[in-house]
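Fold and geometry: a report
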Amino acid sequence: MLCNAPIRRPRKLGVLLFALVTHPAFAASPPEGSAPPTTPGDWSEVETPVPGPPRVIGPFDGGCIAGAERLPEEGIGYQAVDLERNRHYGHPSLLDYVERLGERVNQAGFGPILVGDMAQPRGGPMPYGHVSHQTGLDVDIWFRLDLPFLERSEREDLEQPILVDPRTQRLDERWTDEHAELIRLAADDPRVARIFVDSAVKRDLCEREWDDRSWLRLIRSWHSHDEHLHVRLRCPPDQPECIDQPPPPPGDGCQALAPTPRPEVYPSPSRSLPPACRAILDQ
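Residues numbered from 1 in each chain as written. Predicted model: local features only at pLDDT ≥ 70, side-chain atom pairs only at ≥ 80, totals over all residues. Heavy atoms only, no water.

Some words on the state of the cysteines
We count it as follows: A pair of cysteine sulfur atoms is labelled a disulfide when the two atoms are within 2.5 Å. The helix and strand labels rest on DSSP assignments: H or I over at least four residues marks a helix, E over at least two residues marks a strand, and numbering proceeds from the N terminus. Each residue's exposure class comes from its accessible area (1.4 Å probe, protein chains only) as a fraction of the maximum for that residue type: buried when under 20%, exposed when over 50%, partly exposed otherwise.
Throughout the structure, instances matching the rule amount to 3 disulfides. Here Cys64 pairs with Cys277 through a disulfide, and the sulfurs are 2.1 Å apart. Judged by the sign of its S-S torsion, about -95°, the bond between Cys64 and Cys277 is left-handed. With Cys64 in strand β2 (residues 64–66) and Cys277 in helix α6 (residues 275–282), the pair connects residues that are 213 residues apart, well separated along the chain. By relative accessible area, Cys277 is classed as buried at 0%. The disulfide partner of Cys235 is Cys242, and the gap between their sulfur atoms is 2.0 Å. Taking the sign of the S-S torsion, about -75° here, the bridge from Cys235 to Cys242 comes out left-handed. Taken in N- to C-terminal order, the disulfide-linked cysteines of the protein are connected 1-6, 2-5, 3-4.

Below, the structure written as structure tokens:
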């Protein structure tokens with residue numbers, strides 16, 4: 001049963017780890033030309049987005065967004081979870097991506113998918129859980145596929161089973177063809193820049209037979225993605241202040257896959273954002 005499986009690290013532990021790595025002894029000097037540092041608490045305390053057209057500013061791990069929209073709490077093939085966090089905001093392109101993915105999963109005959117964190121109402125650093133997710137172009141999709149549509153009150157603090165054995169660093173018996181197909185469907189969109197998963201997940205995808213393997217290039221190994229996949233979209237073409245990552249290296253990325261165990265201490269998000277983000281925070 002999924003409910004008897006290892007689950008995600010407790011939220012309180014994440015807060016303690018964040019407090020450790022954001023101590024002044026660990027803080028880096030702000031980059032030249034950046035605004036005075038803000039704290040993640042500043043951004044998480046803002047409950048509403050800045051109205052107006054969407055405006056994505058900065059990189060995924062050090063930026064913000066104006067004109068963000070909130071994802072509907074449920075739709076065809078998906079339901080949003082952990083709604084009380086108020087982290088289901090994003091650029092309209094991200095909302096459209098999630099809704100289209102839900103439709104494709106529904107057509108494939110499984111789901112609904114559980115949509116986890118996107119961004120805060122104005123983006124920016126979060127007090128726990130993520131270094132990225134700051135510009136409204138990132139979304140977490142849980143691997144859990146065993147739940148029906150739930151009442152909104154039932155979607156808080158759901159168990160999030162870890163599907164990678166911490167001793168062997170291999171997927172356990174709960175991993176299915178549907179999980180692999182979910183990732184393929186998630187990658188099948190030209191807006192996708194990267195999808196992060198545990199290296200055990202990437203290895204499984206690489207070992208499967210696919211008619212087209214080009215999408216495997218987008219699947220990148222990263223720690224702490226043993227219970228969800230993290231999708232990052234490219235900067236929309238009409239967002240000149242948005243800073244993209246460089247494209248992934250050529251090839252399918254299936255060579256020399258090293259294990260990606262969860263770290264003992266997690267990095268802290270950037271607190272030195274572009275100057276324009278201060279204005280967005282203060283509105």
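Continuing now.
Overview of the packing of helix α3 (residues 92–108) against helix α4 (residues 177–187)
For any two helices packed against each other, one specifies the inter-axial angle together with the distance between the axes. Test applied: For helices, the fitted line uses only the C-alpha atoms of the stretch in contact; every axis is such a line through C-alpha atoms, and the angle between N-to-C directions lies from 0 to 180 degrees. Roughly parallel covers angles under 35 degrees, roughly antiparallel covers those over 145, roughly perpendicular covers 65 to 115, and oblique covers all other angles. Working rule for handedness: look at the near helix, and if it is turned counterclockwise from the far one by less than a right angle, call the crossing left-handed; if clockwise, right-handed. Whether two residues touch is decided by their heavy atoms; if any such pair falls within 4.5 Å, the residues are in contact. In this count, Pro and Cys sit with the nonpolar residues alongside Ala, Val, Leu, Ile, Met, Phe, Trp and Tyr, while Asp, Glu, Lys and Arg are called charged and the others, Gly among them, polar.
Interaxial distance between α3 and α4 falls to 10 Å at its minimum, and their mutual angle equals 140°. What the angle tells us is that α3 and α4 run oblique. Seen from above, α3 lies across α4 with right-handed handedness. Facing Tyr97, Leu101, Arg104, Val105 and Ala108 of α3, the residues of α4 in contact are Leu182, Leu185 and Ala186. When its residues are assigned to classes, the contact of α3 with α4 shows 7 nonpolar, no polar and 1 charged.

A few points about the side chain of Glu73
Our working definition: Nitrogen and oxygen atoms within 3.5 Å of one another constitute a polar contact, given that in protein one can donate a hydrogen and the other can accept it, and given that sequence-neighbouring residues count only through two side-chain atoms.
Among the structural elements, Glu73 can be located in the loop between β3 (69–70) and β4 (74–75). Within the structure, Glu73 has its side chain in polar contact with the side chain of Arg152 (distance 2.7 Å). Apart from residues lying up to four places away in sequence, Glu73 is in contact with Tyr78, Gln79, Ala80, Leu83, Arg152 and Arg155.

A word on the pattern of salt bridges
Note the threshold: Whenever Lys or Arg places a side-chain nitrogen within 4 Å of a carboxyl oxygen from Asp or Glu, that contact is recorded as a salt bridge.
Evaluated as defined, the whole model comprises 23 salt bridges. Measuring nitrogen to oxygen at the nearest pair gives 3.7 Å for the salt bridge that ties Asp252 to Arg213. One end of the pair, Asp252, is in the loop between β11 (228–233) and α6; the other, Arg213, is in the loop between α5 (199–207) and β10 (219–221), and 39 residues separate them in sequence. Classification of Asp252 as buried rests on a relative accessible area of 18%. Exposure remark for Arg213: the relative accessible area of 28% places this residue in the partly exposed category. Residue Glu227 pairs with Arg262 through a salt bridge whose shortest N-O separation is 3.2 Å. Taken together, the positions of Glu227 in the loop between β10 and β11 and Arg262 in the loop between β11 and α6 put the pair 35 residues apart, joining distant regions of the chain.

Details of unusual backbone geometry
Geometrically, the link from Gly111 to Pro112 is a cis peptide bond, its omega value of 5° lying close to zero. Tracing the chain through its elements places Pro112 in the loop between α3 and β7 (113–115). Residues other than glycine seldom take positive phi values, yet Asn86 does so here, at roughly 60°. Its location among the elements puts Asn86 in the loop between β5 (78–80) and β6 (89–90). A positive phi is found at Asp157, a non-glycine position, where the angle reads about 55°. Secondary-structure assignment places Asp157 in the loop between β8 (138–142) and α4.

A word on the nonpolar core
Convention followed: For this analysis, a nonpolar core means a set of buried residues of the types Ala, Val, Leu, Ile, Met, Phe, Trp, Tyr and Cys, connected via side-chain atoms within 4.5 Å.
Among the nonpolar cores identified, the biggest contains 46 residues, and Tyr97, Val139, Ile183, Ile195, Leu205, Leu229 and Val231 are the most heavily contacted of them. Counting only elements with at least two residues in this core, the list comes to α3, β7, β8, α4, β9 (192–197), α5 and β11. With residues up to four places along the chain from it excluded, the contact list for Ile195 reads Ile183, Ala186, Ala187, Leu218, Ile219, Arg220, Leu229, His230 and Val231. Counting residues in hydrophobic clusters, the runner-up holds 10 residues, among them Val46, Cys64, Ala66 and Cys277.

Taken by themselves, the reported measurements are silent on function.
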